[in-house]
Amino acid sequence: MYTEPTTFSAEAYFASQPPPPTLQHDIERVREFAKRQKQEGRKVVLVTSGGTTVPLELNVVRFLDNFSAGTRGATSAEYFLKAGYAVIFMHRQFSLQPFSRHYSHSTNPFLDFLDIEPSKDGNTPVISVTPSKRSDLLEVLTMYKDVHKAGTLHTLTFVTVDDYLWLLRAVSQELSVLGRNAMFYLAAAVSDFFLPRQRMSEHKIQSGKGRLSIEMDQVPKILKPLVDEWTKDGYIVSFKLETDDNLLLPKAKAALKRYGHQVVIGNDLHRRKYEVVFVSPKSPSSKTTTDQSDDEFEEYWLRIPIPDTSGNVSPHQVKEIEEDIVAELLKRHSAWIDQAKTTS
Ligand code: PAZ
């Protein structure tokens, strides 16, 4: 019989919550991808992006959602690809994706870029790209086609927090074959609470009984097994989103002490596009512990000017903070790979 734990361990979680139906298929594709990138000598980064949902019913009508448009992940994935990395882009279904993000339906609808030219021969009219938009589109399309030709982008989708956790575990286990050449860039906004399937209502929760109270359990702290078991040598970058400035640095440091990974990138909800802070142990090789002093961590702030939004500038002509985030991580990842060579 199912007993109700107060906090799920990762093991208890995976033993009680079912995997997504496509998991096996997804694992096989990731395995092939990782093998090919290894043979071709590329570094691989797993980018997670977008928010997870928590369904409230088995036949889902209602769910809780986590904030994230997927901009951070989709934009960063492009800069990793430009730098020669292969990218596994694990994102929330229908959130922004590399390349197509430039033509998002809400901010830059692609239909506005197209003109209909009258037919010259009296038959079918011709569709063309508005002249002022051609050079931007050509740049994005060229990159997109090059990446497809090189086979360096692999896409996976999740919706629920269950999908996310099962996929993260499977992908990280597959990427362990790459050793230090694998990076984990965990920008997805993952729910901290969930409703175990065993306590979900089968059908739509009915109104009419007044207030709705739902008691949720804590999602297991998945970074711990990721660091300690699933991918021992991967370079792990997690993100921390806060709305209270006073919490950002303490929470980032607490995460490093608890999980012992390489970097936490902290960001404030409203300034996340212009300012982030990298928090990392001063001595990257030392083992972090929960009683470690805060002085043993260093902070590195990255800022870009807030753009003038009054002009008619296309989104990819504006400086994007992800360009600098990725450039900084490339240096740190290389140093970390080199460090292993000198100590072995
Ligand atoms: O996807 P987006 O660009 O709208 O937002 C990115 C972000 C704020 C979700 C990301 O930078 C982040 O902080 N992710 C981790 C969130 C968390 O603390 O769970």
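Rules behind the numbers
- All chains use their own residue numbering, which begins from 1 and follows the written sequence.
- Owing to the predicted nature of the model, reporting of local features is limited to residues with pLDDT of at least 70; listing and counting of side-chain atom pairs is limited to 80 or more, with chain, interface and lining totals taken over all residues.
- As a rule here, side-chain values come from all non-hydrogen atoms in the structure, and water together with hydrogens is ignored.
- Comment: elements are numbered from the N terminus, with helices defined as DSSP H or I runs of at least four residues and strands as E runs of at least two.
- C-alpha atoms define the radius of gyration in this analysis, and the globule rule sets the expected value at 2.2 Å times the number of residues to the power 0.38.
- Each residue's exposure class comes from its accessible area (1.4 Å probe, protein chains only) as a fraction of the maximum for that residue type: buried when under 20%, exposed when over 50%, partly exposed otherwise.
- Each accessible area is a Shrake-Rupley estimate made with a 1.4 Å probe; only the visible protein chains count as cover when residues are assessed.
- UniProt positions are given in the numbering used here, feature names are shortened, and annotations may be inferred rather than shown by experiment.
- At least two bridges found by DSSP between two strands is the condition for calling them paired.
- Fitting a line to C-alpha atoms yields each axis, with helices limited to the stretch in contact; the angle taken between N-to-C directions then spans 0 to 180 degrees.
- We define proximity as follows: a residue is near a molecule or strand when any one of its heavy atoms falls within 4 Å of that partner.
- Nitrogen and oxygen atoms within 3.5 Å of one another constitute a polar contact, given that in protein one can donate a hydrogen and the other can accept it, and given that sequence-neighbouring residues count only through two side-chain atoms.
- By the convention adopted, Pro, Cys, Tyr, Trp, Phe, Met, Ile, Leu, Val and Ala count as nonpolar, Lys, Arg, Asp and Glu as charged, and the other residues, Gly among them, as polar.
- A pair of Phe, Tyr and Trp rings is counted when the ring centres sit within 6.5 Å of each other, with Trp represented by its six-membered ring. The angle between the planes then sorts it: under 30 degrees is stacked, over 60 is edge-to-face, the rest tilted.
- Throughout, nonpolar core names a set of buried Ala, Val, Leu, Ile, Met, Phe, Trp, Tyr and Cys residues whose side chains join them through atoms within 4.5 Å.
- The criterion used for residue contact is that any of the two residues' heavy atoms lie within 4.5 Å.
- For a helix, the expected span equals 1.5 Å multiplied by the number of residues minus one.

**Q** Got a sec to walk through the overall build of the protein? Specific residues and values, please.
**A** When helices and strands are counted, the protein shows eight helices and 14 strands. Here the C-alpha atoms of the protein give a radius of gyration of 22 Å, agreeing with the 20 Å that 2.2 N^0.38 yields for 344 residues. Principal axes of the C-alpha set define a box for the protein whose edges measure 75 × 65 × 40 Å. When burial is assessed residue by residue, the protein has 45% of its 344 residues classed as buried. Surface accessibility of the protein: about 18600 Å² in total, with carbon and sulfur atoms responsible for 52%.

**Q** Kindly report on the UniProt feature "domain: DNA/pantothenate metabolism flavoprotein C-terminal" (unreviewed entry) in the protein, identifying the contributing residues and their values.
**A** Mapped onto this structure's residue numbering, the UniProt feature "domain: DNA/pantothenate metabolism flavoprotein C-terminal" (unreviewed entry) falls at residues 43-98 and 178-273. As annotated, residues 43-98 comprises 21% helix and 34% strand, and the C-alpha atoms at either end are separated by 18 Å. For residues 178-273, the helix share is 24%, the strand share is 24%, and the end-to-end C-alpha distance is 31 Å.

**Q** Now, about the sheet that holds strand β4 (residues 86-92): what can you tell me, with residues and values included?
**A** In spatial order, the strands read β7-β4-β1-β8-β11-β12-β13-β14; together these eight strands make up an open sheet with mixed pairing. Lying at the two open borders of the sheet, with one neighbouring strand each, are β7 (153-158) and β14 (297-303). In this sheet, neighbouring strand axes are inclined to one another by 15° on average, regardless of whether the strands run parallel or antiparallel. Relative to strand β12 (residues 263-268), strand β11 (residues 235-242) runs parallel, the two sharing six bridges.

**Q** Quick one: what's the story with the pairing of β7, residue by residue and with numbers?
**A** Both faces of the sheet carry side chains from a regular strand, because those side chains alternate between them. Residues H154, L156 and F158 of β7 are buried on one face, while the alternating residues L153, T155 and T157, pointing to the opposite face, are not. Looking at chain direction, β4 and β7 are connected through six bridges and run parallel. Bridging across to β7, V87 finds its partner in L153.

**Q** Quick one: what's the story with the environment of E229, residue by residue and with numbers?
**A** Its location among the elements puts E229 in helix α6 (residues 223-230). Expressed as a C-alpha distance, the spacing of E229 and R169, which sit 60 residues apart in the sequence, is 9.9 Å.

**Q** Describe the site of the ligand, and please don't skip the residues or the numbers.
**A** In the vicinity of the ligand, 14 residues are found, and the nearest of them are S68, G70, R72, L241 and N267. Within the side chain of S68, an N or O atom sits 2.7 Å from an oxygen atom of the ligand. Between an oxygen atom of the ligand and a main-chain N or O atom of R72, the distance comes to 2.9 Å. Burial of the ligand by the protein chains amounts to 91% of its free accessible area of 470 Å². The leading source of residues in the shell around the ligand is β11, at three residues. Each residue belonging to the shell around the ligand can be placed in one class, and the counts come to seven nonpolar, four polar and three charged.

**Q** Residue-level account of the packing of aromatic side chains, with values.
**A** Aromatic ring pairs: the centre-centre distance and the angle between the two ring planes describe each pair. Enumeration over the complete set of coordinates arrives at 14 aromatic pairs. With a centroid separation of 6.2 Å and 80° between ring planes, the pair formed by F8 and Y13 is classed as edge-to-face. An angle of 75° between the planes, with centres 5.8 Å apart, marks the rings of F278 and Y300 as edge-to-face. Taken as a pair, F278 in strand β13 (residues 275-281) and Y300 in strand β14 lie far apart in primary sequence, 22 residues in all. In this structure F278 comes out as buried when scored by relative accessible area, which is 0%. Each residue in the set F8, Y13, F14, W166, F194 and W230 is aromatic and connected to the rest through ring pairs, giving one cluster.

**Q** Now, about the nonpolar core: what can you tell me, with residues and values included?
**A** Counting residues in hydrophobic clusters, the biggest one holds 48 residues, and the most contacted among them are I88 and L175. At nine residues, the largest contribution of residues to this core is made by helix α5 (residues 161-175). If you look at the next biggest cluster of nonpolar residues, it comprises 33 residues, including L81, V263, F278 and I304.

**Q** Help me get a handle on the side chain of T75, residues and values and all.
**A** The topology assignment puts T75 in helix α3 (residues 71-82). If we ignore the near neighbours within four places in the chain, the residues touching T75 are R101, E320 and E322.

**Q** Break down α5 for me, with residues and values.
**A** With 15 residues, α5 should cover 21 Å at 1.5 Å per step; its first-to-last C-alpha distance of 21 Å lies within 8% of that length. For α5, the buried fraction is high: 13 of the 15 residues fall into the buried class.

**Q** Hey, could you go over the pairing of strand β1 (residues 44-49) for me, with residue numbers and the actual values?
**A** Across the six residues that make up β1, a large majority, six, are buried. Residues V44, L46 and T48 line one face of β1 and the alternating positions V45, V47 and S49 line the opposite face, and both faces are buried. Sheet analysis places β1 next to β4, joined by six bridges and oriented parallel. Within β4, the residue paired with T48 across the bridge is M90. In terms of strand pairing, β1 meets strand β8 (residues 182-186) through five bridges, oriented parallel. Considered in β8, the bridge of T48 is made with L186.

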